[in-house]
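Fold and contact review
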Amino acid sequence: MVRHSPGPVGAGGGGTIARLSNLAVVAQVWTPTKSGPGSATGALDDVQVYDEALSTDDVAYLYSNPGSPLSSVTSPPFDEWATTNITNIDAGADATFDGNPDGDPFGNGLEWILGGDPLGFDSLADLLGFTGDSTTGLTFTFTREDDSEGEAALAVDFSNDLFDTDNHTSTVPAASDTVGGVTYTIEENGSAPDDITATIPAGNAVDGRLFGRLRGTQN
Ligand SMILES: [Ca+2]
Ligand SMILES: [Ca+2]
Ligand SMILES: [Ca+2]
Ligand SMILES: [Ca+2]
């Protein structure tokens, strides 16, 4: 957006939002003539116009790369996915990360990460494989969308009292590892979704009880 003020450019005053068709390319540097509260130090020498709102990441990029325009303005991965897979299909549906318009066991965030359909019922077994018991350990198998790794965290929680007082949380790592007592085997599969196996060892069971769950949170 470009703000045009009649007269000298400076602090205060009225002005109008210029129509893009009324703008001409100019080479100009504006240097503030006042200092103190309400004024800036430096020169305004880089004006860029975009036809949609910039994200925090976009602004950070522009700040770090003076004079370099964004090659394309992109939304965060979840917002893009939610627009394409929820809002553009059903504008009234809850498209938030924790929303669950199809009423299945998975909120939108987990549908995105695990590859579900946010507007179609997925059973637990559709997106989350589960084997084992308290004597062999519990094993989950699932997939993970690569785009989600920078914006959301997956966690495996386990407990021996149905998440009453004995709660343990393990964040799913980027690559195969053991984290917080849970062993992960992760196949990256290039840019295709990762194949992940998470095993909660039987040694975590107490009196034959071991419960586990998978949880997604937006960073
Ligand atoms: Ca859902
Ligand atoms: Ca679903
Ligand atoms: Ca990955
Ligand atoms: Ca991958």
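These notes cover the structure that comes with them.

Conventions used here
- Residues numbered from 1 in each chain as written.
- Chains lettered and ligands numbered in written order.
- Predicted model: local features only at pLDDT ≥ 70, side-chain atom pairs only at ≥ 80, totals over all residues.
- Pairing = 2+ DSSP bridges.
- Helix = DSSP H or I, 4+ residues; strand = E, 2+ residues; numbered from the N terminus.
- Axes fitted to C-alpha atoms, helices over the stretch in contact; angles between N-to-C directions.
- Core = buried A, V, L, I, M, F, W, Y, C linked by C-beta atoms within 7 Å.
- Buried ≥ 20, exposed ≤ 12 C-beta atoms within 10 Å, placed from the backbone.
- Domains from an automatic or database assignment.
- Contact = placed C-beta atoms within 7 Å.

Points about the sheet that holds strand E3 (residues 129-133)
- Taken in spatial order, the 5 strands line up as E3-E4-E9-E8-E7 in an open sheet, and their pairing is antiparallel. Single-partner strands in this sheet number two, and they are E3 and strand E7 (177-179). Mean inter-strand twist for the sheet, computed between neighbouring axes without regard to direction, equals 20 degrees.
- When strand E4 (residues 137-144) meets strand E9 (residues 194-200), the two strands line up antiparallel, connected through 7 bridges. When the bridges of E9 are listed, Thr-141 appears paired with Thr-197.

Some thoughts on the nonpolar core
- Ile-113, Leu-114, Phe-142, Val-156, Val-172, Ala-198 and Ile-200 are the most contacted members of the largest nonpolar core, which totals 26 residues.
- For this core, the secondary-structure elements that each account for two or more residues are helix H2 (77-87), helix H3 (108-114), E4, strand E5 (152-159), strand E8 (182-187) and E9.
- Residues from two domains meet in this core; each of domain 2 (77-114) and domain 3 (128-218) gives at least three.
- Setting aside anything within four residues of it in sequence, one finds Ile-113 in contact with Arg-144, Glu-145, Ser-148, Ala-152, Leu-154 and Gly-216.

Details of the sheet that holds strand E6 (residues 167-171)
- Pairing in this open sheet of 3 strands is antiparallel, and the strands run E6-E5-E10 from one edge to the other. Only two strands of the sheet have a single partner each, and these edge strands are E6 and strand E10 (211-218). Ignoring strand direction, the axes of neighbouring strands in this sheet form an average angle of 25 degrees.
- Where E5 meets E10, 8 bridges bridge the pair, whose relative direction is antiparallel. For Ala-152, the partnering residue across the bridge sits in E10 and is Gln-218.

What about the environment of Ala-155?
- Secondary-structure assignment places Ala-155 in strand E5.
- By the C-beta count within 10 Å, which is 17 here, Ala-155 ends up partly exposed.
- Along the backbone, Ala-155 and Thr-169 are 14 residues apart, and their C-alpha atoms lie at a distance of 6.5 Å.
- In this view, Ala-155 contacts Thr-169, Ser-170, Thr-171, Val-172 and Arg-215; residues no more than four positions away in its chain are not counted.

Remarks on the pairing of E3
- As paired elements, E3 and E4 share 5 bridges and run antiparallel to each other. Residue Gly-132 lies in a different strand from E4, and its bridge partner there is Leu-138.
- Where E3 folds back onto E4 in an antiparallel hairpin, the turn is made up of 3 residues.

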